[in-house]
Protein chains: 2
Amino acid sequence: MPNTSPHDQQAPPSRRELNKAATRQAITDAALELLRTKGPGNFTVEDIADAAGISRRTFFNYFSSTDAALASIVHGFLDTAIQQFRLRPAEEPMLESAQAALSALADPEAVAPLAELFTLTQQSSLMAHSELEAWDHCRAQVFAVARERLAGTPGGQDELYVHALAGSIISCGKAAMEVWFSRRGPDLTTGSLTELRQLLIDSIALLGTGFAPPASPSAVRSS
Amino acid sequence: MPNTSPHDQQAPPSRRELNKAATRQAITDAALELLRTKGPGNFTVEDIADAAGISRRTFFNYFSSTDAALASIVHGFLDTAIQQFRLRPAEEPMLESAQAALSALADPEAVAPLAELFTLTQQSSLMAHSELEAWDHCRAQVFAVARERLAGTPGGQDELYVHALAGSIISCGKAAMEVWFSRRGPDLTTGSLTELRQLLIDSIALLGTGFAPPASPSAVRSS
DNA sequence: GTGCAACTTTGCACTACATGCAAGTATTTT
DNA sequence: AAAATACTTGCATGTAGTGCAAAGTTGCAC
């Protein structure tokens, strides 16, 4: 029995929880596989449900649309970043925390699904909806963390500051991902991931310097 | 006759153009009116079409969804900003151009429709999709302009710089709008609009100073 | 103004999305 | 083992969105 400790608050993976998680995973797996084989827009919710071994109706108990099912991949990706971000010490400057959190994204395990999703859906704009929402959801979480952290600091009550900061951090992360992907495509080699990490760090550095006008592009000290 | 000059490139508002524009306007008007009276999510495309005096099918010749019809309001709003942005001299620092362009948004004519849309859809998230897309579309345009402008400057070929800058500018504009709306709601008085303009300017100023950590909130010289 | 070409609107048919509901099945609790 | 709870499923229903071809407008040349 995996009952680790008497007063273990989290970790009661009951059968129901496990089943639900498995079903959820089966759905996204099926959706991704159909995306690979049939291409974006060429399969229906029913196809996914069949492939996942559930009913059409059950699909909608988990996701509200095909897009949402695929966007859960993006959500998973961004959630790792948020987790990292939450772990940073409260005293650390916000932008450094962001750099650290984003660096964690340049990890094969984490980016692989996202990179494949990008390659499969690029130029189709079918993901646009849910993907933008995923980023925005992440923004909202960064905002929440930032607000809490800055609550004590002078000027930390300034809503504008916190909103603008959170939004800009997300935009920079997004920018780095976009540039990386446009340069490397689905390349997941070590070199490529190193470049991604550098891009993520550099983009936050740009933010920290206020986009110092025509600075030499790679002269920003970044690691 | 409104034929102004012999070699007028633009301005051939033929009957067809005018009809289309009128239909388009009738649709958004009808959609907005239904939003007022029935509330978000409580009316169908057919309702809009009926109210606009066209067929359901014709609606889809103009917009791909209810959301899209309403989001055209946001598009119109953001297009004025882009127009202003395009008019700025190429030598001007990018962030100053952004401030100038955003200031133009604090105009009763421009914000009024958006403010109403916000009040009618807040907390319903029904607009989320198309609204995020509208902002992203604006971001893409800022990116295009910025890329062109920076092409000659040292480091201007740095895609990361341009992407991150465009995204951050949009995020700051969005942040200012959000804060303004959360403070003032649908208040369109002169004082309220002055505050909006100040927020827009301040948010870009924050960007320019690299979010100088816990700076005094209102000590940033802004006008 | 007549007539032809180009464009726009419309009705119809059809597929797919999305949700409520009630009955069935699995899991948990007692 | 029985009762309570949670999840799945099929069915019914209403709406979204698109292709197509017929009908209606507008533009243009003669």
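Throughout, residues of each chain are indexed from 1 in the direction in which the sequence is written. Chains carry letters from A onward and ligands carry numbers from 1 onward, assigned in written order. With the structure being a predicted model, the display of local features is reserved for residues of pLDDT at least 70 and the display and counting of side-chain atom pairs for 80 or more, all residues being used for whole-chain, interface and lining totals. Only hydrogens and water are set aside; all other atoms, that is, all heavy atoms of the structure, feed into the side-chain values.

1. Thoughts on the protein's contact with DNA strand C
For step 1, the next point in the chain: A molecule or strand has a residue near it when one of that residue's heavy atoms lies within 4 Å. Looking at DNA strand C, there are 19 residues lining it, with Arg-15, Arg-16 and Arg-56 of chain A together with Thr-58 and Tyr-62 of chain B nearest.
For step 2, the next point in the chain: Protein-proximal atoms of DNA strand C, defined as those within 4 Å of the protein, fall in sugar or phosphate at a share of 58%.
For step 3, the next point in the chain: Numbered from the N terminus, helices here are DSSP runs of H or I no shorter than four residues, and strands are runs of E no shorter than two. Taken together, the elements giving at least two residues each to the surface near DNA strand C come down to α1 (15-38) and α3 (56-62) of chain A together with α1 (15-38) and α3 (56-62) of chain B.
For step 4, the next point in the chain: At 4 residues, α3 of chain B tops the list of elements feeding residues into the surface near DNA strand C.
For step 5, the next point in the chain: In this classification, the charged set is Asp, Glu, Lys and Arg, the nonpolar set is Ala, Val, Leu, Ile, Met, Phe, Trp, Tyr, Cys and Pro, and all remaining amino acids, among them Gly, are polar. For the surface near DNA strand C, the residue count by class is 4 nonpolar, 8 polar and 7 charged.

2. What to know about unusual backbone geometry
For step 1, the next point in the chain: Of note in the backbone geometry, Phe-211 of chain A takes a positive phi value of approximately 55° without being a glycine.
For step 2, the next point in the chain: When you line up the elements, Phe-211 of chain A lands in the segment after α9 (190-208).

3. Overview of helix α4 (residues 66-87) of chain B
For step 1, the next point in the chain: Multiplying 1.5 Å by the residue count of a helix minus one yields the expected span of that helix. The terminal C-alpha atoms of α4 of chain B lie 32 Å apart, and with 22 residues this matches the ideal 32 Å at 1.5 Å per residue to within 8%.
For step 2, the next point in the chain: Of all bends in α4 of chain B, the biggest is about 30°, found at Ser-72 of chain B. A residue's bend is simply the angle between two axes: one fitted to the seven residues ending at it, one to the seven starting at it.

4. Considering the protein's contact with DNA strand D
For step 1, the next point in the chain: Contacts to DNA strand D come from 20 residues, most closely from Arg-16 and Thr-58 of chain A together with Arg-16, Arg-56 and Arg-57 of chain B.
For step 2, the next point in the chain: Near-protein atoms of DNA strand D (within 4 Å) split between backbone and bases, with sugar and phosphate holding 61%.
For step 3, the next point in the chain: Here a base oxygen of DNA strand D and a side-chain polar atom of Arg-16 of chain A are 2.8 Å apart.
For step 4, the next point in the chain: Those elements that place two or more of their residues in the surface near DNA strand D are α1 and α3 of chain A together with α1 and α3 of chain B.
For step 5, the next point in the chain: The leading source of residues in the surface near DNA strand D is α3 of chain A, at 4 residues. Each polar contact in these results corresponds to two N or O atoms within 3.5 Å; when the atoms are within protein, one needs to be able to donate a hydrogen and the other to accept it, and residues that are neighboring in sequence are counted only if both atoms are side-chain atoms.

5. Things to note about the relation of the copies chain A and chain B
For step 1, the next point in the chain: Copies are brought into register by a least-squares superposition over C-alpha atoms of residues with pLDDT of at least 70 in both. After a rotation of 180° and a shift along the axis of 0.0 Å, chain A superposes on chain B with an RMSD of 0.1 Å. Both chain copies can therefore be described as sitting about a two-fold axis. Residues of chain A ranked by C-alpha distance from the rotation axis are headed by Gly-210 of chain A, positioned 1.9 Å from it.
For step 2, the next point in the chain: Only heavy atoms enter the contact rule, under which two residues are in contact if any of them lie within 4.5 Å. Most of the interface of chain A is mirrored in chain B, where 100% of its interface residues again form contacts.

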